[in-house]
Amino acid sequence: RVVARPGVGGTAGPATHPSAMADAVDSFFTPSIDDDLEWLETLRELKSRRRPMRRRRVEVGYAGMRRVRAKQEKADFSVLCNVPNRCGGQDAPYLLDVYYEPNAELKVLATFESVGINLKACEAQAVDLESPSREEQDIMLIPQPLFIEVQDADFVVPSL
């Protein structure tokens with residue numbers, strides 16, 4: 001189909017209707033069935049890599065948090081640290097969620113004992129493999145120890 005366009009010498013060109021352009025753009029960005037299947041396979045693979053973890057929650061002061069962080073780099077556990085709002089003063093407690101694999105429990109408890117924190121007194125909970133927390137999903141997927149700091153406003157306390 002050829003449409004005459006007003007302009008220089010009345011040139012004619014192919015019709016370019018706006019809805020035809022929109023259809024072309026939409027089909028370009030629409031995922032194919034193959035893309036969906038590839039994504040599902042990737043998701044299944046990631047889910048199969050998650051490690052079962054336990055979590056214990058403890059409140060510590062600034063000095064305790066620094067000692068835990070120094071030991072954490074050498075031990076086999078991850079920490080999700082709620083950094084308190086400084087409006088509560090310098091003594092505001094840090095809420096630490098300590099994550100570890102069940103077979104490393106004795107080592108983790110001994111590590112905390114060595115820095116003066118009685119983690120044994122805190123109840124151990126199994127972490128839900130389907131946890132909605134992005135941080136917990138990262139901890140279950142990534143094999144090396146993590147120390148994740150979040151601010152009060154960003155912190156969603158995973159339920160125990």
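Look up a bit, the structure's there.
Residues numbered from 1 in each chain as written. Predicted model: local features only at pLDDT ≥ 70, side-chain atom pairs only at ≥ 80, totals over all residues. Heavy atoms only, no water.

Peer 1: Tell me about the overall build of the protein, and name the residues and values.
Peer 2: Across its full length, the protein carries 5 helices and 7 strands. Helices and strands appear in the protein in the N-to-C order β-β-α-α-β-α-β-β-α-β-α-β. Looking at the protein as a whole, 34% of its 160 residues are labelled buried. Contacts in the protein between residues far apart in sequence, at least 24 positions, make up 69% of those at least 6 positions apart. Looking at the protein as shown, the accessible area adds up to about 10,600 Å², and 56% of this sits on carbon and sulfur atoms. (Helix = DSSP H or I, 4+ residues; strand = E, 2+ residues; numbered from the N terminus. Buried < 20%, exposed > 50% of the residue type's maximum accessible area, 1.4 Å probe, protein only. Contact = heavy atoms within 4.5 Å. Areas by Shrake-Rupley, 256 points an atom, 1.4 Å probe, with all protein chains shown as cover.)

Peer 1: How would you summarise the side chain of Glu105 if you had to cite specific residues and measurements?
Peer 2: Among the secondary structure elements, Glu105 is positioned in helix H4 (residues 105-114). Setting aside residues up to four positions removed in sequence, Glu105 forms contacts with Arg54, Arg56, Tyr100 and Ala124.

Peer 1: Describe H4, and please don't skip the residues or the numbers.
Peer 2: For H4, the complete set of buried residues consists of Glu105, Val108, Leu109, Thr111 and Phe112. Within H4, the buried residues cover an arc of 160 degrees as seen down the axis, which keeps them to one side. Contacts from the buried residues of H4 go to strand S3 (54-60), helix H3 (62-72) and strand S5 (94-100). Once H4 ends, the next one or two residues include Gly116, with phi positive near 80 degrees. (Arc of directions from axis to C-beta.)

Peer 1: Tell me about the environment of Arg69, residues and numbers included.
Peer 2: Here Arg69 shows up in helix H3. Of the residues examined, Arg69 reaches a relative accessible area of 29% and is grouped as partly exposed. With 12 residues separating them along the chain, Arg69 and Cys81 place their C-alpha atoms 9.9 Å apart. Apart from residues no more than four positions distant in its own chain, Arg69 is found in contact with Phe147 and Glu149. At 2.6 Å, the side chain of Arg69 forms a polar contact with the side chain of Glu149. (Polar contact = N/O pair within 3.5 Å; in protein donor to acceptor, adjacent residues only side chain to side chain.)

Peer 1: Can you explain the packing of aromatic side chains? Please cite residues and give values.
Peer 2: Evaluation of the coordinates by the stated rule reveals 2 aromatic pairs. Relative to Tyr94, the ring of Tyr62 has its centre 6.1 Å away and its plane inclined at 45 degrees; by these criteria the two rings are tilted. With Tyr62 in helix H3 and Tyr94 in strand S5, this residue pair connects regions lying 32 residues apart in the sequence. By relative accessible area, Tyr62 is classed as partly exposed at 39%. The class of Tyr94 is buried, set by a relative accessible area of 5%. Both rings, one in Phe77 and one in Phe112, keep their centres 5.2 Å apart while their planes meet at 50 degrees; by these two values the pair is tilted. One end of the pair, Phe77, is in the loop between H3 and strand S4 (78-83); the other, Phe112, is in helix H4, and 35 residues separate them in sequence. This pair shows no difference in class: Phe77 is buried, exactly as Phe112 is. (Phe/Tyr/Trp six-rings, centres within 6.5 Å; stacked < 30°, edge-to-face > 60°.)

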